[in-house]
Amino acid sequence: MGEITCVGCGPGDPELLTVKAVKSIKNADVIMCPTSKEGKDSIAYSIISTLVDETKKPEIINLVFPMVKDKEILEDTWERNARIIAEVVRTGKNVVYLTVGDPSLYSTWIYVQRELKSKYSDIKINVIPGIVSMFAFASKVGISIAEGNETMAVIPACYDLGRVKETAKNCDTMIFLKDGRYFDQVIALLREAGFPDTSLFAIAQDVGTDQEIVRKLTLGEVTKDTFTTKYFSIMVVKRA
Ligand SMILES: C[S@@+](CC[C@H](N)C(=O)[O-])C[C@H]1O[C@@H](n2cnc3c(N)ncnc32)[C@H](O)[C@@H]1O
């Protein structure tokens, strides 16, 4: 019986993988790569492609996870992809599943793992953590995410932002992930929640890649041009 190892690939720089992650990738017979559309390259694979042992010629399988919110489509997707994985693992191969950043934060792996555990419980699962994009971002900008008694909240901005104001009232650091196109919608809410104009505001896209853009300013300096429209964006607002 083979096994599956989910590898956290970090935010984008192939040097930001753990030694364990690199070893797993080099030993893989099969590499499973999540992608959002048929024929679209996997971002996770693009991070680790230079680390693959070409002499081993691992099979690369793209698994499509459409970016939709329809529960039925999502459940079918998780079921189908878990079945594909289980079939390959049961042939005795060493299978690696890639994920951007860390597997436990807004990752396709979370759903795949749940399916595997409930329907294919004979399969051995390993998970190798990765560097989370927001922490790579904090290092780049040179800020702390939380210190002393400060609290932090992580918000996926592409969902209902109704809870942002209440959360912000009780929080020192607000971190927004999942889609820069929605980031501008929360600024007024943060001000209403008591974030002063002197609060630190940092925003980035494509951290750890050649396209990286990183900006640090204050909340009061933010204009509509400050925002990014990319899905791979992070925004951190820290109460002054
Ligand atoms: C589906 S979540 C995956 C999070 C990932 N598991 C992690 O640990 O960071 C995708 C979101 O993570 C953030 N993200 C991940 N990698 C990023 C990067 N290199 N640059 C900017 N944002 C990134 C973006 O907010 C993006 O919309």
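Model, not experiment: these values are computed from the prediction. (Residues numbered from 1 in each chain as written. Predicted model: local features only at pLDDT ≥ 70, side-chain atom pairs only at ≥ 80, totals over all residues.)

Novice: Go over the overall build of the chain with me, naming the residues and quoting the values.
Specialist: Of the regular secondary structure elements, the chain holds seven helices and ten strands. Rg of the C-alpha trace for the chain: 19 Å, near the compact-globule value of 18 Å for 240 residues, within the 12% margin. Counting over 240 residues, the chain shows a buried share of 36%. Considering only residue pairs separated by 6 or more positions, the chain has 71% of its internal contacts joining residues 24 or more positions apart. (Helix = DSSP H or I, 4+ residues; strand = E, 2+ residues; numbered from the N terminus. Rg over C-alpha atoms; globule rule 2.2 N^0.38 Å. Buried ≥ 20, exposed ≤ 12 C-beta atoms within 10 Å, placed from the backbone. Contact = placed C-beta atoms within 7 Å.)

Novice: Which residues make up the domain arrangement of the chain, and what values do they have?
Specialist: We note that the domain assignment places domain 1 (3-128) and domain 2 (133-238) within the chain. Here the C-alpha centre of domain 2 lies 28 Å away from the C-alpha centre of domain 1. Class assignment for the residues of the side of domain 1 that touches domain 2 results in three nonpolar, three polar and one charged. (Domains from an automatic or database assignment. Nonpolar A, V, L, I, M, F, W, Y, C, P; charged D, E, K, R; others polar.)

Novice: Tell me about the sheet that holds strand β8 (residues 200-205), and please be specific about residues and values.
Specialist: One open sheet accounts for five strands, arranged β6-β7-β10-β8-β9; its pairing is mixed. The outermost strands of the open sheet, each flanked by one partner alone, are β6 (152-156) and β9 (213-218). Direction aside, neighbouring strands of the sheet carry axes that sit 15 degrees apart on average. In terms of strand pairing, β8 meets strand β10 (residues 233-238) through six bridges, oriented antiparallel. (Pairing = 2+ DSSP bridges. Axes fitted to C-alpha atoms, helices over the stretch in contact; angles between N-to-C directions.)

Novice: I'd like to hear about the nonpolar core, residue by residue, with values.
Specialist: The biggest cluster of nonpolar side chains holds 58 residues, and the ones touching the most others in it are Cys9, Ile85, Val96, Tyr97, Leu98, Phe176 and Ile234. Counting the residues that make up this core, at least three belong to each of domain 1 (3-128) and domain 2 (133-238). (Core = buried A, V, L, I, M, F, W, Y, C linked by C-beta atoms within 7 Å.)

Novice: Tell me about the site of the ligand, and please be specific about residues and values.
Specialist: Surrounding the ligand, one finds 23 residues, the nearest of these being Pro11, Gly101, Ser133, Leu177 and Val207. Looking at the shell around the ligand, the elements that each hand over two or more residues are β8 and β10. Residues of the shell around the ligand, tallied by class, amount to eleven nonpolar, eight polar and four charged. (Near = placed C-beta within 6 Å.)

Novice: Tell me about the sheet that holds strand β1 (residues 3-8), residues and numbers included.
Specialist: Hydrogen bonding along the main chain pairs the strands of a sheet, whether they run parallel or antiparallel. One open sheet holds the five strands; their spatial order is β3-β2-β4-β1-β5, and the pairing between them is parallel. What marks the edges here is a single partner per strand, and that holds for β3 (59-64) and β5 (124-128). For this sheet the average axis-to-axis angle between neighbouring strands, irrespective of direction, equals 25 degrees. Relative to β3, strand β2 (residues 30-35) runs parallel, the two being bridged by six bridges. Looking across to β3, one finds that Pro34 is bridged to Leu63. Contacts from helix α4 (residues 108-119) reach β1, β2, β4 (94-99) and β5 within the one sheet, and its direction differs from that of β4 by about 145 degrees.

Novice: So what about the packing of helix α3 (residues 71-89) against α4? Which residues, and what values?
Specialist: Running from N to C, α3 and α4 cross one another at 65 degrees; their axes reach a closest spacing of 9 Å. In the packing of α3 onto α4, the handedness of the crossing is right-handed. Every residue of α4 that contacts α3 at Trp78, Glu79, Asn81, Ala82, Ile85 and Ala86 is listed here: Tyr111, Val112, Glu115, Leu116 and Lys119. Of the residues that constitute the contact of α3 with α4, the class distribution is seven nonpolar, one polar and three charged. (Left-handed = near helix turned anticlockwise from the far one by under 90°.)

Novice: Which residues make up helix α1 (residues 19-27), and what are the values?
Specialist: Along α1, the residues classified as buried are Ala21, Ser24 and Ile25. Considered in projection along α1, the buried side chains sweep an arc of 100 degrees and stay on one side of the axis. Elements in contact with the buried residues of α1: β1, α2 (43-48), β4 and β5. (Arc of directions from axis to C-beta.)

Novice: I'd like a rundown of α3, residues and numbers included.
Specialist: For α3, built from 19 residues, the straight-helix expectation of 27 Å at 1.5 Å per residue is met to within 8% by its first-to-last C-alpha distance of 27 Å. When we look at burial in α3, the residues that qualify are Asn81, Ala82, Ile85 and Val89. Relative to the axis of α3, the buried residues are bounded by an arc of 105 degrees and lie together on one face. Facing away from the buried side of α3 by over 90 degrees, the exposed positions are Glu72, Ile73, Asp76 and Glu87. (Expected span 1.5 Å × (residues − 1).)

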